Amino acid sequence: MSGYAIPYVTERRPGGGERVTDVFSWLLSERIVYVGAEIDDGLANVLVAQLLHLQSVSDAPIDVYVNSPGGSTSAMLAVYDAMQFVAPEVTTTCVGQAAGPAAVLLAGGAAGRRGVLPHARVLLHQPSAQGRGTIPDLILAADEVVRVRGELEQVLARHTGKDVATLRRDTDRDLVLDAEQAVAYGVADAVVPPRRLPVARLGA
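Residues numbered from 1 in each chain as written. Predicted model: local features only at pLDDT ≥ 70, side-chain atom pairs only at ≥ 80, totals over all residues. Heavy atoms only, no water.

1. Remarks on helix α2 (residues 41-57)
In a regular helix each residue adds 1.5 Å, so 17 residues correspond to 24 Å; α2 covers 24 Å between its end C-alpha atoms and thus fits that length. Buried within α2 are the following residues: Leu-43, Ala-44, Leu-47, Val-48, Gln-50, Leu-51 and Leu-54. Taken end-on, α2 shows its buried residues confined to a sector of 155°, consistent with a single buried face. More than 90 degrees from the buried face of α2, the exposed residues found are Asp-41, Asn-45, Ser-56 and Val-57. (Helix = DSSP H or I, 4+ residues; strand = E, 2+ residues; numbered from the N terminus. Expected span 1.5 Å × (residues − 1). Buried < 20%, exposed > 50% of the residue type's maximum accessible area, 1.4 Å probe, protein only. Arc of directions from axis to C-beta.)

As structure tokens, this is what we get:
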């Protein structure tokens, strides 16, 4: 979201007067958390803080909307663990895309409460190594990738109903799923239908 102006929302108060707040703070007040960028340590810290704050306010469900190209696996797992840790039920919805680590967040929503919009896409793939250095360091980095891959496969198996062997085979290369395919694969529970009827074409 860096480089884009953050919109502000003006709310009229019942007793008169107005309150101006940024749109993300307004969403938070509505128990909505938005994952709209690559997931790094900074974004993960913000998301975990939001989840913990909302838990302290109420046990009402929390809605997490995901539109992310992926990011850091370790940062994502911090958010995933927080989603499983907090008492409120966490609903997840994919808008746009949920790629790599972001797809795990989508899958990690409460059972029966994971949605995907009709034109969204979900991308599953194995983690990759980014290490550089001596040969022993590269070997350690490769071992860590193998460990993390196994961990992610266990998480996805828990939420999709697929067995680990199937997940390993399917994610050996990028697995791109449209909305219907994401539901069939178990990453989401339902395609969220449009709330408005299509606009009639002129002259129809």
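2. Some details on helix α3 (residues 73-85)
The end-to-end C-alpha distance of α3, which contains 13 residues, comes to 18 Å, matching closely the 18 Å that a straight helix rising 1.5 Å per residue would cover. Turning to α3, its buried residues number three or more, namely Thr-73, Ala-75, Met-76, Leu-77, Val-79, Tyr-80, Ala-82 and Met-83.

3. Some points on the layout of surface pockets
Looking at the second largest pocket, its volume works out to about 210 Å³. Around the second largest pocket, the lining residues are Tyr-65, Thr-93, Leu-117, Pro-118, Val-192, Pro-193, Pro-194 and Arg-195. A breakdown of the residues in the lining of the second largest pocket according to their chemical character gives six nonpolar, one polar and one charged. (1 Å grid on protein atoms, 1.4 Å probe; cavity = no way out; pocket = protein on both sides within 12 Å on 5 of 7 lines; lining within 4 Å. Points joined across faces, edges and corners; volume = space filled by probe spheres on them. Nonpolar A, V, L, I, M, F, W, Y, C, P; charged D, E, K, R; others polar.)

4. Thoughts on the packing of α2 against α3
Orientation of α2 relative to α3, taken along the N-to-C sense of each, is 5°, at an axis distance of 8 Å. It follows from the interaxial angle that α2 and α3 lie roughly parallel. Mapping the contact onto sequence places Asp-41, Ala-44, Leu-47, Val-48, Leu-51, Leu-52 and Gln-55 in α2 and Ser-74, Ala-75, Ala-78, Val-79, Ala-82, Met-83 and Phe-85 in α3. Residues belonging to the contact of α2 with α3 are distributed by class as follows: 11 nonpolar, two polar and one charged. (Axes fitted to C-alpha atoms, helices over the stretch in contact; angles between N-to-C directions. Parallel < 35°, antiparallel > 145°, perpendicular 65-115°, else oblique. Contact = heavy atoms within 4.5 Å.)

5. Considering a nonpolar patch on the surface
A surface patch of nonpolar side chains, amounting to about 340 Å² of accessible area, comprises Ile-6, Tyr-8 and Val-20. As for its placement among the helices and strands, Ile-6 is situated in the segment before β1 (8-12). (Patch = residues over 30% accessible without salt bridge, like charges linked within 9 Å, V, L, I, M, F, W, Y side chains within 5 Å. Areas by Shrake-Rupley, 256 points an atom, 1.4 Å probe, with all protein chains shown as cover. Salt bridge = Lys/Arg side-chain N within 4 Å of Asp/Glu carboxyl O.)

6. Focus: unusual backbone geometry
Phi angles above zero are rare outside glycine, and Arg-31 is one such case at about 65°. Structurally, the position occupied by Arg-31 is in the loop between α1 (23-29) and β3 (32-35). Taking the relative accessible area as the measure of exposure, Arg-31 reaches 11% and is therefore buried.

7. Comments concerning the pattern of salt bridges
The final tally for this structure, using the stated rule, is eight salt bridges. Two residues, Arg-113 and Glu-89, come together in a salt bridge whose shortest N-O distance is 2.5 Å. With Arg-113 in the loop between α4 (101-107) and β6 (114-116) and Glu-89 in the loop between α3 and β5 (90-99), this pair connects stretches of sequence that are 24 residues apart. Relative accessible area serves as the criterion here: at 33%, Arg-113 is assigned to the partly exposed category. Look at Glu-89 and you get partly exposed, because its relative accessible area is 36%. For Arg-168, the salt bridge identified is with Glu-153, shortest N-O distance 2.8 Å. On the criterion of sequence distance, the pair formed by Arg-168 in helix α6 (residues 164-170) and Glu-153 in helix α5 (residues 135-160) is long-range, its members being 15 residues apart. For Arg-168, a relative accessible area of 37% corresponds to the partly exposed category.

Any link to function would need more than the numbers given here.
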